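Observations on the three-dimensional arrangement
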2 protein chains.
Amino acid sequence: MQDLLFDFISKYISLTEEEKNAIISLDIFRSVKKGTTLLKEGQKSQDSLFVLKGCMRKYYIIDGEEKTTAFFTEMEGITPNCVISKTPSEYYLSCIEDSIVLVSDADMGAAINSKFPKFEIMCRILSEELLAKQQIDFDEFKTSSPEQRYLNLIDKRPDLVQRVPQHLLASYLGIKPQSLSRLRARILEKKS
Amino acid sequence: MQDLLFDFISKYISLTEEEKNAIISLDIFRSVKKGTTLLKEGQKSQDSLFVLKGCMRKYYIIDGEEKTTAFFTEMEGITPNCVISKTPSEYYLSCIEDSIVLVSDADMGAAINSKFPKFEIMCRILSEELLAKQQIDFDEFKTSSPEQRYLNLIDKRPDLVQRVPQHLLASYLGIKPQSLSRLRARILEKKS
DNA sequence: CCAACCCGTTCACTTAAGTGAAGAAAAACG
DNA sequence: CGTTTTTCTTCACTTAAGTGAACGGGTTGG
């Protein structure tokens, strides 16, 4: 399991055995059961997450309705906004598959960064990558219809379409489960 | 006009007179006429922009139709994705008001950063701020209807509603001008 | 084994956005 | 100043998403 992490890190920086051991000794691997809510609206959290295996969902509750805005799967990191701004969270994070995640609070992050400056570099690269990706995703979302967004999802994240329940996918696409059902039927019809 | 820039910078770092002069001597202020297209699809650009006065629009052309995804006004910076990824641009940037912008290419940025390390710090803070803001904006967009997005715009960016033509606003909200017109009429009706 | 629940789908109906056309008001321009 | 173009609105009609209800197929758990 740790190898997954080190393989990922090695794409950005190279670690010595000593550094790897230091990370392992932090004991930050957590296994999380499906259905667990890791962060609630109004809650203040210090923890950043990194998904090693499984799937997390980010959602808001607006007018009593869940609105999913993101899924996080293998090798994706989550730094909740409330960690940065130190304000209560506006959204929820919950685990939708039995998962293994890496949890680190702000102090721990600072400790690692000061001990291994390399980490700071990796974090900067990751956040630059994230910013660029985020901008593209945002523009894609803005410029497409629910149907196009669904087709796009099949293309770019086929794994999500398989592993995530339809009603959560619908919520993510910004429509109701019934509409997603219809939309899928429409697409099938077009193909034939 | 330069004071606008220095006032902005002073919110993040403090500059000596010497540093200010160094910046002025770069001669990076450009005045841009309304209607000018600063970046076209397919074009490779090295230039980052910063709006001192006026308004820029970012849009894609999809199926022959303009899809606006962002407006940039006073004190907002634009680092086109193509500058970072060094790939041809997928979108257009055009000027919708007579404007004054600050233009700097990659070399110039590197030169400033190495001469004044402070700048690097400011850039990091700015991109962190941008990433956080972007995430919130994205979630807001995903979780709201065109009508809510319009009401939100009135609330958060009343200046845009005033200065930007309706059909561009509509494009930005993801709907047709006719729909925005109807939507506005609907809102007025509700108020009374 | 059956009841309860969750999930996806379908249906009928409502509401909002898309489309195409047309007209009026305002701005731009020679 | 008048003409042209742009911009905004309105209308009638189409299409897609929202809503509420209902059904069947799968779990899950008592």
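The numbering scheme is per chain: residues are counted from 1 as the chain's sequence reads. Here chains are named by letter from A upward and ligands by number from 1 upward, in the order in which they appear as written. Reporting of local features is limited, given that this is a predicted model, to residues whose pLDDT is at least 70; pairs of side-chain atoms are given and counted only at 80 or more, and all residues count toward the totals for whole chains, interfaces and linings. Each side-chain value is derived from all of the structure's non-hydrogen atoms; neither hydrogens nor water enter the calculation.

1. Brief notes about the pairing of strand β4 (residues 56-62) of chain A
Residues and elements named next belong to chain A. Burial runs high along β4: five of the seven residues are buried. Any two strands between which DSSP finds at least two bridges are classified as paired. Only DSSP runs of H or I with at least four residues qualify as helices, and only runs of E with at least two residues qualify as strands; both kinds are numbered from the N terminus onward. Alignment of β4 against strand β5 (residues 65-72), held across seven bridges, turns out to be antiparallel. When the bridges of β5 are listed, Y59 appears paired with T68. Where β4 hands over to β5, the hairpin turn is made up of two residues, of which D63 adopts a positive phi near 55°. Buried, partly exposed and exposed residues are distinguished by accessible area as a fraction of the type maximum, computed with a 1.4 Å probe on protein chains only: under 20%, between the cut-offs, and over 50%, respectively.

2. A closer look at the pattern of salt bridges
Salt bridges are identified by distance alone: a Lys or Arg side-chain nitrogen within 4 Å of an Asp or Glu carboxyl oxygen. Under the definition given, this model contains 29 salt bridges over all chains. Where A:R157 meets A:D159, a salt bridge forms, and the shortest distance between an N and an O atom there is 3.2 Å. On the basis of relative accessible area, A:D159 is assigned to the partly exposed category, the value being 29%. Its salt-bridge partner being B:E65, residue B:K176 comes within 1.9 Å of it at the nearest N-O pair. With B:K176 in the loop between α8 (166-173) and α9 (177-191) and B:E65 in strand β5 (residues 65-72), this residue pair connects regions lying 111 residues apart in the sequence. In this structure B:K176 comes out as partly exposed when scored by relative accessible area, which is 41%. Relative accessible area serves as the criterion here: at 32%, B:E65 is assigned to the partly exposed category. When salt bridges with common partners are traced through the structure, they connect A:E74, A:E76, A:E97, A:R157, A:D159 and A:R163 into a single cluster.

3. Some words on the layout of surface pockets
In this structure, the second largest pocket occupies an estimated 800 Å³ of space. Put simply, the grid is 1 Å and covers the protein atoms alone, a cavity is a trapped set of points that fit a 1.4 Å probe, a pocket is an open set with protein on both sides within 12 Å along at least five of seven lines, and lining residues have an atom within 4 Å of a point. Around the second largest pocket, the lining is made up of 43 residues, and of these A:P146, A:R149, A:L173, A:G174 and B:R149 lie nearest the centre. With six residues, the single largest contributor to the lining of the second largest pocket is helix α8 (residues 166-173) of chain A. A breakdown of the residues in the lining of the second largest pocket according to their chemical character gives 14 nonpolar, 15 polar and 14 charged. Grid points are joined across faces, edges and corners, and a volume is the space filled by probe spheres set on the points. Polar here means any residue other than Ala, Val, Leu, Ile, Met, Phe, Trp, Tyr, Cys and Pro, which are nonpolar, and Asp, Glu, Lys and Arg, which are charged; Gly is therefore polar.

4. Remarks on the protein's contact with DNA strand C
Distances are taken per atom, and a residue is near a molecule or strand as soon as one of its heavy atoms is within 4 Å of it. Within the structure, DNA strand C sits among 15 residues, and A:Q166, A:H167, A:S181, B:S179 and B:R186 are positioned closest to it. Protein-adjacent atoms of DNA strand C, using a 4 Å cutoff, are sugar or phosphate at a proportion of 68%. Separating a phosphate oxygen of DNA strand C from a side-chain N or O atom of A:R184 is a distance of 3.2 Å. Here a polar contact means two N or O atoms within 3.5 Å. Within protein one must be a hydrogen donor candidate and the other an acceptor candidate, and residues neighboring in sequence count only if both atoms are side-chain atoms. Contact between DNA strand C and B:S179: a phosphate oxygen at 2.8 Å from a side-chain N or O atom of the residue.

5. Quick word on the domain arrangement of chain A
Residues and elements named next belong to chain A. With domains assigned, chain A is organised as domain 1 (2-124) and domain 2 (144-192). The start and end points of each domain follow an automatic or database-based domain assignment. For domain 1 and domain 2, the distance between their C-alpha centroids amounts to 27 Å. Contacts between the two partners involve 15 residues from domain 1, matched on the other side by ten residues from domain 2. Throughout, the accessible surface (probe 1.4 Å) given up by two parts as they are put together, summed over both, is called the buried area. Summing the contributions of domain 1 and of domain 2, the shared interface buries around 910 Å²; its carbon and sulfur component is 48%. The salt bridge involving R157 is made with E76; its shortest N-O contact spans 3.9 Å. The tally of links between domain 1 and domain 2 comes to six residue pairs in polar contact (both at pLDDT 80 or more). The contact rule is simple, with two residues in contact once any of their heavy atoms fall within 4.5 Å.

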